[in-house]
Amino acid sequence: MQPRNMSMSGVVDLAAVKQAQEAKAKAEQARAEAARQGGTGAVPASSLVIDVTEAGFERDVLQRSTEVPVVIDFWAEWCEPCKQLGPLLERLAHEYNGRFLLAKVDVDANQTLMQQFGIQGIPAVFAVVAGQALPLFQGAAPEAQIRETLDQLIQVGEERFGLTGLTVDPGSDAGDPAAVPEEPAGPYDALLEAAVQALDAGDLDGAIRAYQNVLSDDPANTEAKLGLGQAELLRRVGGLDPQQVRQDAAERPADVAAQTAAADLDLVGGHVEDAFGRLVDTVRVTAGDDRNKARLHLLDLFEVVGAEDPRVTAARTALARVLF
């Protein structure tokens with residue numbers, strides 16, 4: 001879906017000037033120590049993507065975050081959107097060639113970490129910069145916007161904390177794109193790539209058509225369903241006046257158009273439970289066609305977030321209660 005909290009604007013608030021100076025000093029000390037020992041501190045390609053556990057979190061994430069921004073991918077084997085996002089993040093980690101480190105956390109095996117980060121659904125992506133944690137996004141997200149977020153993260157890491165990233169051993173396979181395993185091209189890869197390119201260009205209509213073309217042949221295609229929901233949501237909110245939408249929703253609780261528009265803004269802003277709760281309440285206070293419109297819009301938002309998300313499961317239960 002449209003990634004939530006994709007802006008780096010909150011990073012500055014997370015780090016005081018003193019912490020930034022300390023992080024810069026640590027990074028410089030690490031580079032100086034590597035030089036003193038006659039090495040470059042270069043790392044092999046295999047260390048750009050690591051599996052992290054609760055036991056190794058301090059060493060593998062917190063300590064490393066004084067050298068390089070660490071991106072954490074919280075995932076699980078049963079999570080279908082994770083299977084789309086995980087390989088993408090791994091590919092980008094190799095492509096960025098040491099400018100960030102990707103740490104993968106299996107939430108089923110590391111429940112404490114999941115609780116500490118306050119994660120309500122997966123996939124969820126966080127970053128740790130100089131020991132400071134911040135959310136990046138939750139759920140699926142278009143590659144172009146993930147790249148934009150990573151670029152902002154790297155820029156903040158360098159400018160605020162002096163994190164210049166990892167030096168990749170040129171003798172390893174990190175800088176060689178051929179060294180990153182490529183999955184066989186699927187029957188719809190060209191159409192899905194066309195959709196991503198359309199999103200990159202701001203052509204939401206083109207992206208929607210491309211996803212619809214995939215779904216016309218393969219209605220169960222998870223990536224296309226998520227992508228279509230995201231693109232349609234972005235198109236709906238594109239011309240909205242947030243202040244007016246909020247005012248209309250507050251004044252007209254039984255107005256389906258007002259409530260669905262506000263729910264869209266809730267979702268884009270990362271307030272998933274608020275969006276779902278708003279539409280469940282709308283279903284409760286309406287009847288006939290209006291009630292059905294609110295129900296169908298809520299089902300559309302479920303598709304945007306992903307069926308495996310526990311918040312969708314909870315909202316489905318709440319919807320069932322008001323319907324039956």
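Residues numbered from 1 in each chain as written. Predicted model: local features only at pLDDT ≥ 70, side-chain atom pairs only at ≥ 80, totals over all residues. Heavy atoms only, no water.

Going by what an unreviewed UniProt entry lists, the protein chain is known as Co-chaperone YbbN and is assigned to Streptomyces gougerotii.

Chemist: Which parts of the structure should I look at to understand the side chain of Thr-286?
Modeler: With respect to the helices and strands, the residue Thr-286 is situated in the loop between helix H12 (272-285) and helix H13 (288-305). Reaching out from Thr-286, the side chain makes a polar contact with the backbone oxygen of Thr-282 at a distance of 2.6 Å. When residues no more than four places from it in sequence are discounted, the contact partners of Thr-286 are Ala-254, Val-256 and Arg-291. (Helix = DSSP H or I, 4+ residues; strand = E, 2+ residues; numbered from the N terminus. Polar contact = N/O pair within 3.5 Å; in protein donor to acceptor, adjacent residues only side chain to side chain. Contact = heavy atoms within 4.5 Å.)

Chemist: Sorry, what's going on with the nonpolar core here?
Modeler: Proteins that are soluble and globular tend to have nonpolar side chains buried together. Counting 27 residues, the largest nonpolar core has Val-61, Ile-72, Phe-74, Ile-119 and Ile-122 as the members making the most contacts within it. Where this core is concerned, the elements lending two or more residues are helix H3 (57-63), strand S2 (70-75), strand S3 (101-106), helix H5 (111-116) and strand S4 (124-129). If you tally residues by element for this core, the top one is S2, at four residues. When neighbours within four sequence positions are excluded, Phe-74 is seen to be in contact with Cys-82, Val-105, Val-107, Leu-113, Phe-117, Ile-119, Ile-122, Pro-123, Ala-124 and Phe-126. (Core = buried A, V, L, I, M, F, W, Y, C linked by side-chain atoms within 4.5 Å. Buried < 20%, exposed > 50% of the residue type's maximum accessible area, 1.4 Å probe, protein only.)

Chemist: Even after reading the chapter, I still don't get the sheet that holds strand S1 (residues 49-51), so can you show me in this structure?
Modeler: Hydrogen bonds between backbone atoms are what pair the strands of a sheet, whose relative direction is either parallel or antiparallel. Sheet architecture is open: five strands sit in the order S1-S3-S2-S4-S5, paired in mixed fashion. Of all strands in the sheet, those with a lone pairing partner are S1 and strand S5 (132-138), marking the two edges. Neighbouring strand axes in the sheet, compared pairwise and without regard to direction, differ in orientation by 25° on average. Where S2 and S3 come together, six bridges link them in parallel fashion. Its bridge partner being in S3, Phe-74 is matched across the sheet by Val-105. Its contacts with the sheet place helix H6 (residues 143-161) against S2, S4 and S5, and it is angled at close to 15° to S4. (Pairing = 2+ DSSP bridges. Axes fitted to C-alpha atoms, helices over the stretch in contact; angles between N-to-C directions.)

Chemist: Hey, could you run me through unusual backbone geometry in this one?
Modeler: Glycine aside, negative phi is the norm for most residues, and most peptide bonds take the trans geometry. Going from Ile-122 to Pro-123, the amide bond is cis rather than trans, its omega being 0°. Secondary-structure assignment places Pro-123 in the loop between H5 and S4. Of note in the backbone geometry, Asn-97 takes a positive phi value of approximately 55° without being a glycine. Along the chain, Asn-97 turns up in the loop between helix H4 (80-95) and S3. On the accessibility criterion, Asn-97 (34% relative accessible area) is partly exposed. At Ala-130, a position not held by glycine, the phi torsion is positive, near 50°. Along the chain, the position of Ala-130 falls in the loop between S4 and S5.

Chemist: Please clarify how the packing of helix H9 (residues 222-237) against H13 should be interpreted in this entry.
Modeler: Running from N to C, H9 and H13 cross one another at 120°; their axes reach a closest spacing of 7 Å. For the element pair H9 / H13, the angle class is oblique. H13 is crossed by H9, and the crossing has left-handed handedness. For the pair H9 and H13, contact is made by Lys-225, Leu-226, Gly-229, Gln-230, Leu-233 and Arg-236 and by His-297, Leu-301, Glu-303, Val-304 and Val-305, respectively. When its residues are assigned to classes, the contact of H9 with H13 shows five nonpolar, three polar and three charged. (Parallel < 35°, antiparallel > 145°, perpendicular 65-115°, else oblique. Left-handed = near helix turned anticlockwise from the far one by under 90°. Nonpolar A, V, L, I, M, F, W, Y, C, P; charged D, E, K, R; others polar.)

Chemist: Help me understand the pairing of S4 in this model?
Modeler: On a regular strand, each side chain points to the face opposite its neighbour's, so the side chains alternate between the two faces of the sheet. With six of its six residues buried, S4 lies for the most part within the structure. In S4, alternate side chains face the same way, and those of Ala-124, Phe-126 and Val-128 on one face and Val-125, Ala-127 and Val-129 on the other are all buried. Judged from the five bridges that link them, S2 and S4 form a sheet pairing that is antiparallel. Pairing of Phe-74 across the sheet is with Ala-124, part of S4. As defined by bridge partners, S4 adjoins S5 across six bridges and the pair is classed as antiparallel. Paired with Ala-124 across the bridge in S5 is Gln-138. In this antiparallel pair of consecutive strands, S4 and S5, the connection spans two residues, and Ala-130 shows a positive phi of 50°.

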